[in-house]
Amino acid sequence: QTLGEVRQVAWAASDGMQIEGVLILPVGYTDGAVPLMTHIHGGPAGAWTHRCYFGWHDWGQMLAQRGMAVFLPNPRGSTGRGSPFLSAIVDSYGEPDLHDILAGIDHLVTEGIADPKRLVVGGWSGGGYLTNRMITHDPARERFRCPIAGAGVSNWSSFLGTSDIRDVFSRYVTEPAHDPEPAWALSPVRLISQVSTPTLYLQGEADPRVPVGQSFEMYAGLRVRGVETQMVLYPGARHDIFMRGQQLDLLERVIRWY
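Every residue gets a number counted from 1 within its own chain, in the order that chain's sequence is written. Restriction of local features to residues with pLDDT of at least 70 applies here, the model being predicted, together with a cutoff of 80 or more for giving and counting side-chain atom pairs; totals for whole chains, interfaces and linings are based on all residues. The side-chain quantities take in all heavy atoms of the structure and omit both hydrogens and water.

Caption draft 1: Structural view of the nonpolar core. In this text, buried Ala, Val, Leu, Ile, Met, Phe, Trp, Tyr and Cys residues form a nonpolar core when linked through side-chain atoms within 4.5 Å. For every residue, the accessible area obtained with a 1.4 Å probe (protein chains only) is divided by the maximum for its type, and the residue is called buried under 20%, exposed over 50%, and partly exposed between those limits. The biggest cluster of nonpolar side chains holds 41 residues, and the ones touching the most others in it are L23, L36, M134 and W156. Working definition: helices are DSSP H or I runs of at least four residues, strands are E runs of at least two. Numbering for both runs from the N terminus. Of the residues forming this core, the biggest block, six residues, is contributed by helix 3 (residues 96-110). Two residues form a contact once any of their heavy atoms are found within 4.5 Å. Apart from residues lying up to four places away in sequence, W156 is in contact with Y93, Y129, F169, V173, A183, L186 and S187. In terms of nonpolar packing, the next biggest core, distinct from the first, is built from 29 residues, Y53, M68, I148 and Y258 among them.

Caption draft 2: The arrangement of the sheet that holds strand 7 (residues 199-204) in detail. Read across the open sheet, the eight strands follow the order 1-2-4-3-5-6-7-8; overall the sheet is mixed. At either end of the open sheet lies a strand with only one pairing partner, and these are strand 1 (6-12) and strand 8 (229-234). Averaged over all adjacent pairs, the angle separating strand axes in this sheet is 20°, with direction ignored. Packed onto the sheet, helix 3 meets strand 1, strand 2 (18-24), strand 3 (34-40), strand 4 (69-74) and strand 5 (114-124) and runs at close to 110° relative to strand 1. A pair of strands is labelled paired if DSSP reports no fewer than 2 bridges between them. Axis angles are defined between N-to-C directions and span 0 to 180 degrees, where every axis is a line fitted to C-alpha atoms and, for a helix, only to the segment in contact.

Caption draft 3: Seen up close, the packing of helix 3 against helix 4 (residues 126-136). It is the contact of helix 3 with helix 4, at a shortest axis distance of 11 Å, that shows an interaxial angle of 75°. Viewed along their axes, helix 3 and helix 4 adopt a mutual orientation that is roughly perpendicular. Contacts from D97, L98, I101 and L102 in helix 3 reach L130, R133 and M134 in helix 4. Roughly parallel means an angle under 35 degrees; roughly antiparallel, over 145; roughly perpendicular, 65 to 115; everything else is oblique.

Caption draft 4: Quick look at helix 3. One less than the residue count of a helix, multiplied by 1.5 Å, gives the span that helix is expected to have. The terminal C-alpha atoms of helix 3 lie 21 Å apart, and with 15 residues this matches the ideal 21 Å at 1.5 Å per residue to within 8%. Of the positions making up helix 3, those classed as buried are D97, L98, D100, I101, L102, A103, G104, I105 and L108. Looking at the buried residues of helix 3, the elements they touch are strand 1, strand 2, strand 3, strand 4, strand 5 and helix 4. Remark: G112 follows helix 3 within two positions and exhibits a positive phi of approximately 80°.

Caption draft 5: Molecular detail of the pairing of strand 7. Burial analysis of strand 7 places six of its six residues in the buried class, which makes it a mostly covered element. Here strand 7 shows no split at all, with T199, Y201 and Q203 on one side and L200, L202 and G204 on the other all buried. As judged from the three bridges shared by strand 6 (residues 148-150) and strand 7, these two strands associate in the parallel manner. Counted as the bridge partner of I148 is L200 from strand 7. Inspection of the sheet shows strand 7 paired to strand 8 by six bridges, in the parallel sense. Pairing of T199 across the sheet is with T229, part of strand 8. By convention, orient the strands away from the viewer: a clockwise path from the first strand over the helix to the second makes the crossover right-handed. For the crossover from strand 7 across helix 8 (residues 213-225) to strand 8, the handedness is right-handed.

In structure tokens, the structure reads:
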């Protein structure tokens, strides 16, 4: 298969900090603005690096073969930049990192690579959470078409009450038993009344990490509001999708939705 060109990219955040990431260009790209898919990594303590992104939740080269540029940002909270950068989202997960990503998209629009009228966003796990944040958060929510949120948190209060790693994420959003307000303030479902963007939800049915109720809360809320949405549960699958048939089904749905 022919692969899209991979570039290292860097841009200035709103406070001047340099943020970095990876850009995969469409196969055969020469010049001009093209559709841009912003793919947000999970973790949040993870990072996109230079490797071949061909996997069930690594969609870069698959979409590059279909005419899209794929932006892989490493915002605050990512690994590889030291402890202060990693911990910069503690008590504010979904705020500084979200704005770092938006600044990167603006940079690619300014560079003439990304078409501002054809922006999509998606991700798995932590990337699913930030996708939910994008579609409920000003000024981001009007920018994106047809997002895809895979196994993403929608309600930190119910998540921390049901997930198998409450002790990890209570550090990022404040333990609700001590103060319930910060977790609710960072919950995308709180602002679901503002969402008008058709969104696809994907999840393993037996996920103990991000229980399926997290996707159901967003899906049901969008249905009540009349917003086009779909939700797909993979039987027996946990936080990762390991069965090959389910992986292929997921990838086909991603292609069709975008």
